[in-house]
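If you want the building blocks of each chain, they are given just below.
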Amino acid sequence: MTGRTGTGRLTLDDFRHEALVETSSTNADCFERARRGALSGLWITAARQTGGRGRRGRPWTSEAGNLYASLLLIDPAPMERLGSLPLAVAVAVQSAISSVMPIDAPPVKIKWPNDLLIERRKICGILIEAETMADGRQAIVIGCGINVAVAPETGLYPVARLTDYGCTVGPAELFAHLFREMADILRLWDSANGIGEIMARWRKAAGGIGERITVNLPTQSISGRFVGIDDSGLLKLETDDGDVRLIAAGDVFFE
Amino acid sequence: MADKKQGIDQTLIRDLANILNETDLTEIEVEQDDLRIRVSRAGTPQYVSAPVPAPHAVAAPVAAAAVTAPAAVRDNKNAVTAPMVGTAYLSPAPGARPFVEVGSTVQEGQTLLIIEAMKTMNQIPAPRSGKVTEILVSDAAPVEYGEPLIVIE
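Fair warning: this is a prediction, and the values are worked out from it, not measured in the lab.

Definitions and limits used
- Residues numbered from 1 in each chain as written.
- Chains lettered and ligands numbered in written order.
- Predicted model: local features only at pLDDT ≥ 70, side-chain atom pairs only at ≥ 80, totals over all residues.
- Heavy atoms only, no water.
- Helix = DSSP H or I, 4+ residues; strand = E, 2+ residues; numbered from the N terminus.
- Rg over C-alpha atoms; globule rule 2.2 N^0.38 Å.
- Buried < 20%, exposed > 50% of the residue type's maximum accessible area, 1.4 Å probe, protein only.
- Areas by Shrake-Rupley, 256 points an atom, 1.4 Å probe, with all protein chains shown as cover.
- Lys, Arg positive; Asp, Glu negative; His and termini not counted.
- Charge placed at Lys NZ, Arg CZ, Asp CG, Glu CD.
- Pairing = 2+ DSSP bridges.
- Axes fitted to C-alpha atoms, helices over the stretch in contact; angles between N-to-C directions.
- Contact = heavy atoms within 4.5 Å.
- Buried area = accessible area lost by both parts, 1.4 Å probe.
- Salt bridge = Lys/Arg side-chain N within 4 Å of Asp/Glu carboxyl O.
- Polar contact = N/O pair within 3.5 Å; in protein donor to acceptor, adjacent residues only side chain to side chain.

Participant: It is not clear to me how the overall build of chain A should be interpreted in this structure. Could you clarify?
Facilitator: Helices and strands together make up the secondary structure of chain A, namely 4 helices and 12 strands. The C-alpha atoms of chain A give a radius of gyration of 18 Å, which matches the 18 Å a tight globule of 255 residues would have. Burial analysis of chain A (255 residues in total) assigns 55% to the buried set. Carbon and sulfur atoms make up 51% of the accessible area of chain A, which amounts to about 10,600 Å² in all. Counting 28 positive and 31 negative side-chain charges, chain A places the averaged centre of each group 1 Å from the other.

Pasting the structure below:
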């Protein structure tokens, strides 16, 4: 079965991988391939990116030594179910990274919705983009940039790289784990009670639950206690007057 | 803009309503010339001309060129609506040129704006070709499911 069916259900055989030495952006490449008819399950990796991007068009410095990987999905789920996809992806990437870290390394934690941190330093960014194509199919591209050997300063958050914590594997080996973990999580995400299990795994790996955080929204900044996520993955923030606000998008800062 | 002299300044009220939505305030009161306007979330907007104590003085500049159409836009069949709850972005990056502007001619499938939800950037395509006659959301504003965003005639 392939992504062509519209149910989006993927088997391990549907996943393919193309490894590039250099490209502008692996996310852009996936969209380009989707417009030319590529099916769900295509991974594109690059040793270097010359035009890597993060949230809101921020550049993502992409020197050699790190992993830059994007996965194309076609019509993976109805729109209302897609809200949980970023959390599922975070769980898969968290597992992949954890499996290449030494046993005594500090834990890899998820920062809502899907950044990955070790000791509060950002080690991975995930950018998910969606586009409806001319033929009506919806292309979703999941881009992961993982700081394996290089930690470019962003100025926004403290950063680190996996080698700072004793990781000895390279981007190619890390990708093999990511490939398997992502296939596993997408199968779970597609299954009847999968989302509940994914949310439970997400909460277990999340950092900062119960702590005071500040969320920068586009037009304001609000502080409060991070009480958790609801079942659709929205961040629940308890403000000082006791209200609980649900937040769909914003930058989270720990205090 | 054309209706500015016909009694109440609708543009000002619309701008205030937009600020109210953007900032999550429950009430805004401003004084301009001899007119005092209060826009409140609790029910319908009230227009008050008698002097009352002003609880919030809003000094923020009024957002430029929000909604200027004189006609009713709420039930416009030609409006593209938000397919999800999230944050609307009218340009690919802060400070970049917007995807479309009022008067732009768009092709079916062309990106009109981005709605971010759960850090997923959803490109919202034009459902048909035509001309953009109105942009009903401001950049970086929160949008609700089904909210009209852009009118294409």
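Participant: How do you make sense of the pairing of strand β6 (residues 121-132) of chain A when you look at a structure like this?
Facilitator: If a strand is regular, its side chains alternate between the two faces of the sheet. Residues and elements named next belong to chain A. With 10 of 12 residues buried, β6 lies mostly within the body of the structure. Of the pairings in the sheet, the one linking strand β5 (residues 115-118) to β6 comprises 3 bridges and is antiparallel in character. If you follow Leu 117 over to β6, its bridge partner there is Lys 122. The antiparallel pairing of β5 with β6 creates a hairpin that spans 2 residues between the two strands, and Glu 119 there sits at a positive phi of about 50 degrees. Across 9 bridges, the pairing between β6 and strand β7 (residues 138-146) is antiparallel. Bridge pairing in β7 places Leu 127 opposite Gly 143. Hairpin remark: β6 followed by β7, antiparallel, with 5 residues in the connecting loop; positive phi at Gly 136, about 90 degrees.

Participant: Teacher, can you tell me more about the sheet that holds strand β12 (residues 251-254) of chain A here?
Facilitator: Sheet strands pair by backbone hydrogen bonding; their relative direction is either parallel or antiparallel. Residue and element names in this part refer to chain A. Here we have 5 strands laid out as an open sheet, ordered β11-β10-β9-β8-β12, and antiparallel in their pairing. Among the strands making up the open sheet, the edge pair consists of β11 (244-247) and β12. Put simply, the sheet's adjacent strands are angled 45 degrees from each other on average, direction ignored.

Participant: I keep staring at the interface of chain B and chain A and nothing clicks. Help me out?
Facilitator: How big an interface is tends to be stated in terms of the accessible area lost upon association of its parts. Every contact between the two is made by 22 residues of chain B and, on the other side, 27 residues of chain A. Taking both partners together, chain B and chain A bury about 2,100 Å²; carbon and sulfur atoms supply 54% of that area. Viewed at the interface, chain A and chain B are joined by 0 salt bridges. Summed over the shared surface of chain B and chain A, the number is 3 residue pairs in polar contact (both at pLDDT 80 or more). At the level of secondary structure, the elements contributing two or more residues to the side of chain B that touches chain A comprise α1 (10-23), β4 (86-89), β6 (111-117) and β7 (120-125) of chain B. Of the pairings in the sheet, the one linking β6 of chain A to β7 of chain B comprises 3 bridges and is parallel in character. Paired with Ala 130 of chain A across the two strands is Asn 122 of chain B, which belongs to β7 of chain B.

Take it as geometry only, folks, not as evidence of what the structure does.
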